[in-house]
Amino acid sequence: MSKHICLIAGEPSGDFLGAKLAQALLAVDPSITLSGVGGPQMKDAGVDSLFPYEELAVMGIAEVLPKLPALLSLIRRTINHIKETKPDAVVTIDSPDFGFRVAKAVRKEMGADAPKLIHYVAPTVWAWREGRAARIAQFLDGLICLFDFEPPYFEKHGLKSVAVGHPLVEGEALRADGARFREEYGIAQSETIVGVLFGSRKGELRRTGPVIRETLAQISEKMTTPPHVVAPTLPHLYGDVMNMLRDYPGPIHVVTDANDKYDAFRSFDIGIAVSGTVGLELAALQVPHVIAYRMSPLTAAMVKRMVRVKYAHLANIMADKEIVPEFIQDAAQPGVIAESAFDLFLSPQTQIAAMGDIAARLGAGQEKTPSQKAAAFVLQFLNG
């Protein structure tokens, strides 16, 4: 009798992970039945979704409250699907607000008949609210972590956990071609490129953008000719980014084509990025860079009280030292950022070597991909 696995994702990042996991599971056993909740990538990978996951995509109290009855209905529909079809395992992916509600209800309502309950992407208990680790250990059977320092936080509470690495290393990112990007955009291989990444939110652009703009001006003054500025961004931010860079004295290339994103990263001689996931992407690609971030004073005060880690950049957290210079809040001053970035431009070798170790820890160059490791972990519960 073939196995049935229910995969549940509630946002694009989870859809990507779920699709890769589905492909890896079917590669091991093509007879596996896959159902659950996902987006277009999971559908293409063979997951029969109960409803479009876009219906779950609401953020913030103001957005959630009017849709709360509909959201609760979708959660109940997912729970009922699991109770009716009795899958061998349920894998909730990222989106803990949705996934954990489903998993806890299934555990409570099905009791001993509940399928194996596994979550993919560990909550960041190492950064804040460590007590969550004990709570999720009460209703989960297994946890798939992205980072190798995460499992001990959960294993000490009896939750079987595994670190598989990050899907960045099995996508198109590590095949990126900076030379191709330069050729397509008319930038000579010998010319200098400073890459700037303003973030994905208008608030980030508004608060940290002026710092990066002034940093660029100061870097250009240190060079014989102003370097090319390449700014990958989202289509809806194109005008804002162009406006932010309008006074820059050198050539500007604002890139919105998602297919060019990683090739653009590879073309950078030095990068200046708003703190976030993009920093991990740059580290995985071994692109020399610094990060900066400014938030509102109120948010900064709350974060300072809640967060327990010394660093903002995940590569620094993994290394437990600052391999990527960080300029956060009051430290985000154009003069010091420009000096740090220029020094890194002149001598990037130490950071590049350190980022090579980070890429390996994320799963680059290993025999099995992160998704294959995740699939093997799930199948252990079915075959054990």
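Okay, so let's go over this structure.

## Details of helix α14 (residues 334-346)
Piece 1. For α14, which comprises 13 residues, the first-to-last C-alpha distance of 18 Å matches the rise-based estimate of 18 Å (1.5 Å per residue) to within 8%.
Piece 2. Contacts from the buried residues of α14 go to α8 (202-222), β11 (270-274), β12 (289-293), β13 (326-328) and α15 (349-361).

## Observations concerning the packing of aromatic side chains
Piece 1. Counted by the stated rule, this structure contains seven aromatic pairs.
Piece 2. Centroid distance F181 to Y185: 4.3 Å. Interplanar angle 25°. Geometry classified as stacked.
Piece 3. Note on F181: relative accessible area 0%, which makes it buried.
Piece 4. Here Y185 falls in the partly exposed class, since its relative accessible area comes to 25%.
Piece 5. With centroids separated by 5.8 Å and ring planes inclined at 85°, the aromatic side chains of Y262 and F265 adopt a geometry described as edge-to-face. Of the two residues, Y262 and F265 both sit in helix α10 (residues 261-267), three residues apart, roughly one turn of that helix. For the residue pair Y262 and F265, the accessibility class agrees, reading buried in each case.
Piece 6. The side chain of K160 reaches across the aromatic face of F381, ending 5.1 Å from its centre.

## Let's talk about the sheet that holds strand β5 (residues 116-120)
Piece 1. Taking strand neighbours across the sheet as the criterion, the seven strands line up as β3-β2-β1-β4-β5-β6-β7 in an open arrangement whose pairing is parallel. Strand pairing shows two members of the sheet lacking a second neighbour, β3 (48-52) and β7 (160-163), which therefore form its edges. Each strand axis lies, on average, 15° off the axis of its neighbour in the sheet, ignoring direction.
Piece 2. Sheet topology note: the strand β2 (residues 33-38)/β3 ladder contains three bridges and is parallel. Within the sheet, the bridge partner assigned to G36 lies in β3 and is S49.
Piece 3. Relative to β5, helix α4 (residues 96-110) is tilted by about 170°, and along the sheet it contacts β1 (4-9), β3, β4 (89-93) and β5.

## Brief notes about a nonpolar patch on the surface
Piece 1. Residues L298, M302, M306 and V307 make up a contiguous nonpolar surface patch of roughly 370 Å² in combined accessible area.
Piece 2. With respect to the helices, strands and loops of the structure, V307 is situated in the loop between α12 (297-306) and α13 (314-319).

## Quick notes on the sheet that holds β11
As a general point, the strands of a sheet are linked pairwise by backbone hydrogen bonds and lie either parallel or antiparallel.
Piece 1. The strand order β10-β9-β8-β11-β12-β13 describes an open sheet built from six strands, whose pairing is parallel. Since the sheet does not close on itself, it has two edges, and those belong to β10 (252-255) and β13, each with one partner. With strand direction ignored, the average angle separating the axes of adjacent strands in the sheet is 15°.
Piece 2. Here α8 sits on the sheet in contact with β8 (193-197), β9 (228-232), β11 and β12, set at roughly 160° to β11.

## Quick look at the side chain of D94
Piece 1. By secondary structure assignment, the location of D94 is in the loop between β4 and α4.
Piece 2. Comment: no salt bridge for buried D94; closest opposite-charge side chain is R132, at 9.7 Å.
Piece 3. Aside from chain neighbours lying at most four places away, what touches D94 is E11, S13, H119, Y120 and V121.

## Some words on the packing of helix α1 (residues 12-28) against helix α16 (residues 370-383)
Piece 1. Between α1 and α16, the least distance of the axes is 8 Å, while the angle of their chain directions is 65°. With respect to the hand of their crossing, α1 and α16 are arranged in right-handed fashion. Contacts between α1 and α16 involve K20, L21, A24, L25 and V28 on the former and, on the latter, S371, Q372, A374, A375, V378 and L379.

## A closer look at the side chain of S161
Piece 1. Summarising the element assignment, S161 is placed in strand β7.
Piece 2. When its relative accessible area of 11% is taken as the criterion, S161 is described as buried.
Piece 3. Looking at S161, its side chain comes within polar contact range of the main-chain oxygen of L159, at 3.0 Å.
Piece 4. Not counting chain neighbours up to four residues away, the residues in contact with S161 comprise L143, C145, P151, F154, E155 and F377.

About the criteria used
Residues numbered from 1 in each chain as written. Predicted model: local features only at pLDDT ≥ 70, side-chain atom pairs only at ≥ 80, totals over all residues. Heavy atoms only, no water. Helix = DSSP H or I, 4+ residues; strand = E, 2+ residues; numbered from the N terminus. Expected span 1.5 Å × (residues − 1). Contact = heavy atoms within 4.5 Å. Phe/Tyr/Trp six-rings, centres within 6.5 Å; stacked < 30°, edge-to-face > 60°. Buried < 20%, exposed > 50% of the residue type's maximum accessible area, 1.4 Å probe, protein only. Lys NZ or Arg CZ within 6 Å of the ring centre and 35° of its normal. Pairing = 2+ DSSP bridges. Axes fitted to C-alpha atoms, helices over the stretch in contact; angles between N-to-C directions. Patch = residues over 30% accessible without salt bridge, like charges linked within 9 Å, V, L, I, M, F, W, Y side chains within 5 Å. Areas by Shrake-Rupley, 256 points an atom, 1.4 Å probe, with all protein chains shown as cover. Salt bridge = Lys/Arg side-chain N within 4 Å of Asp/Glu carboxyl O. Lys, Arg positive; Asp, Glu negative; His and termini not counted. Left-handed = near helix turned anticlockwise from the far one by under 90°. Polar contact = N/O pair within 3.5 Å; in protein donor to acceptor, adjacent residues only side chain to side chain.

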